[in-house]
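Chain by chain, the residues:
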Amino acid sequence: MTTMALLVPGTLSPTRTVPAHIPRPEYVGKKAPTPYTGPEVQTAETVEKMRIASRIAARAMDAAAAVIAPGVTTDELDRIAHEYMCDHGAYPSDLGYRGFPKSICTSVNEVICHGIPDSTVLQDGDIVNLDVTAFIHGVHGDLNATFLVGDVDEESKLLVERTREATRRGIAAVKPGRQVNVIGRVIESYAKRFGYGVVRDFTGHGINTSFHSGLIIPHYDSPYATTVMRPGMTFTIEPMLTLGDYHHDVWDDGWTVVTKDRKRTAQFEHTLVVTETGSEILTLP
């Protein structure tokens, strides 16, 4: 892999505004969201609303991804996704969630997740993950993907391609009647072929009217993830694979999670609903 300087915090731009007519999630302006106490199986009406939210999030991510290139700041990617969601009547779920200051997460190179968009300029050879969630009609839709910036080395390209494939395999493992640990078992088994680390402390999650419902979807083979999948359940699958160890550090900002060995990491994510025979990906543009 080409040796590149490690990421350092940039400068934050002012907090972006959301038009007053767009409904906010209940946690905006609070230290933490109200714990979710509802069901993990959603009604057909809720799932249909989630299709709308998920589609907006996917298109917002695509709009931001379209300008990814050397010289573009992560703050600019945030601006584009923010404006797309607002223009389509959706609130950017990340904005104000537990105090998060921006509308999407931008995680570059060794950043596993929760990178804060700022004045950081993307460099030729970087990889960057965009994590976008939209809130509309009282529900959330959440996805992310990792993108190449300019001419990227082969090792990083393979990491990105294989993380996408690990996500696909995890999604293919979703079947009603199975325990959710089958998802992580499939992902970890695939990742181990290439010697990749599988991040354990950040997982997929239940999602519906709540951004994070409390349902945990590990991306490794956990004996404790025994929840049985049922039609109508909605959750994310979002494996984070690393070129080295899976352990992490957190920056002083309290959000930016980086690999402890500072090796590169990639991630992909979709929001799903369990069907009678498998699953439907909601976050397709």
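Residues numbered from 1 in each chain as written. Predicted model: local features only at pLDDT ≥ 70, side-chain atom pairs only at ≥ 80, totals over all residues. Heavy atoms only, no water.

Observations concerning the UniProt feature "binding site: a divalent metal cation 1" (unreviewed entry) in the chain
Part 1: Mapped onto the present numbering, the UniProt feature "binding site: a divalent metal cation 1" (unreviewed entry) falls on Asp131, Asp142 and Glu269. Spanning 139 residues, the named residues form one tight spatial group whose C-alpha atoms are at most 8.2 Å apart.
Part 2: With respect to the element layout, Asp142 can be found in strand 5 (residues 139-148).
Part 3: Taking the relative accessible area as the measure of exposure, Asp142 reaches 3% and is therefore buried.
Part 4: Discounting chain neighbours no more than four positions away, the residues touching Asp142 are Asp131, Val132, Thr133, His205, Ile207, Phe211, Thr236, Glu269, His270, Thr271 and Thr283.
Part 5: A polar atom in the side chain of Asp142 sits 2.8 Å from the side chain of Thr133.
Part 6: Checked against the element boundaries, Glu269 lands in the loop between strand 13 (265-267) and strand 14 (270-274). (UniProt positions renumbered as here; feature names shortened; annotations may be inferred. Helix = DSSP H or I, 4+ residues; strand = E, 2+ residues; numbered from the N terminus. Buried < 20%, exposed > 50% of the residue type's maximum accessible area, 1.4 Å probe, protein only. Contact = heavy atoms within 4.5 Å. Polar contact = N/O pair within 3.5 Å; in protein donor to acceptor, adjacent residues only side chain to side chain.)

A closer look at the sheet that holds strand 11 (residues 248-250)
Part 1: Across the sheet, three strands lie side by side as 3-12-11; this open sheet has antiparallel pairing. Two strands close off the open sheet at either side, each with one partner strand: strand 3 (111-113) and strand 11. When the angles between neighbouring strand axes are averaged without regard to direction, this sheet yields 40°.
Part 2: In this sheet, strand 12 (residues 257-259) lies alongside strand 3 in antiparallel orientation, the contact comprising two bridges. Looking at the pairing, Val111 lines up with Val258 of strand 12. (Pairing = 2+ DSSP bridges. Axes fitted to C-alpha atoms, helices over the stretch in contact; angles between N-to-C directions.)

Focus on the pairing of strand 2 (residues 105-108)
On a regular strand, each side chain points to the face opposite its neighbour's, so the side chains alternate between the two faces of the sheet.
Part 1: Side chains Cys105 and Ser107 of strand 2 all project onto a buried face; the interleaved residues Thr106 and Val108 project onto the opposite face, where all are buried too.
Part 2: Looking at chain direction, strand 2 and strand 4 (residues 127-136) are connected through four bridges and run antiparallel. Residue pairing across strands places Val108 opposite Val128, the latter belonging to strand 4.

A look at the packing of helix 1 (residues 44-65) against helix 2 (residues 74-87)
Part 1: Helix 2 packs onto helix 1 with a crossing angle of 145° between their chain directions and a minimal axis gap of 8 Å. Helix-helix and strand crossings are classified by hand; for helix 1 and helix 2 the assignment is right-handed. Facing helix 1, whose interface residues are Ile56, Arg59, Ala60, Ala63 and Ala64, helix 2 presents Leu77, Ile80, Ala81, Tyr84 and Met85.
Part 2: For the contact of helix 1 with helix 2, the class distribution of residues is nine nonpolar, no polar and one charged. (Left-handed = near helix turned anticlockwise from the far one by under 90°. Nonpolar A, V, L, I, M, F, W, Y, C, P; charged D, E, K, R; others polar.)

Notes on the packing of helix 3 (residues 154-172) against helix 4 (residues 181-192)
Part 1: At a minimum axis separation of 8 Å, helix 3 and helix 4 run at an interaxial angle of 150°. Between helix 3 and helix 4, the crossing angle belongs to the class labelled roughly antiparallel. Handedness of the crossing formed by helix 3 with helix 4: right-handed. Here Arg162, Glu165, Ala166, Arg169 and Gly170 of helix 3 lie close against helix 4, whose contacting residues are Ile183, Val186, Ile187 and Tyr190.
Part 2: Here the residues of the contact of helix 3 with helix 4 sort into five nonpolar, one polar and three charged. (Parallel < 35°, antiparallel > 145°, perpendicular 65-115°, else oblique.)

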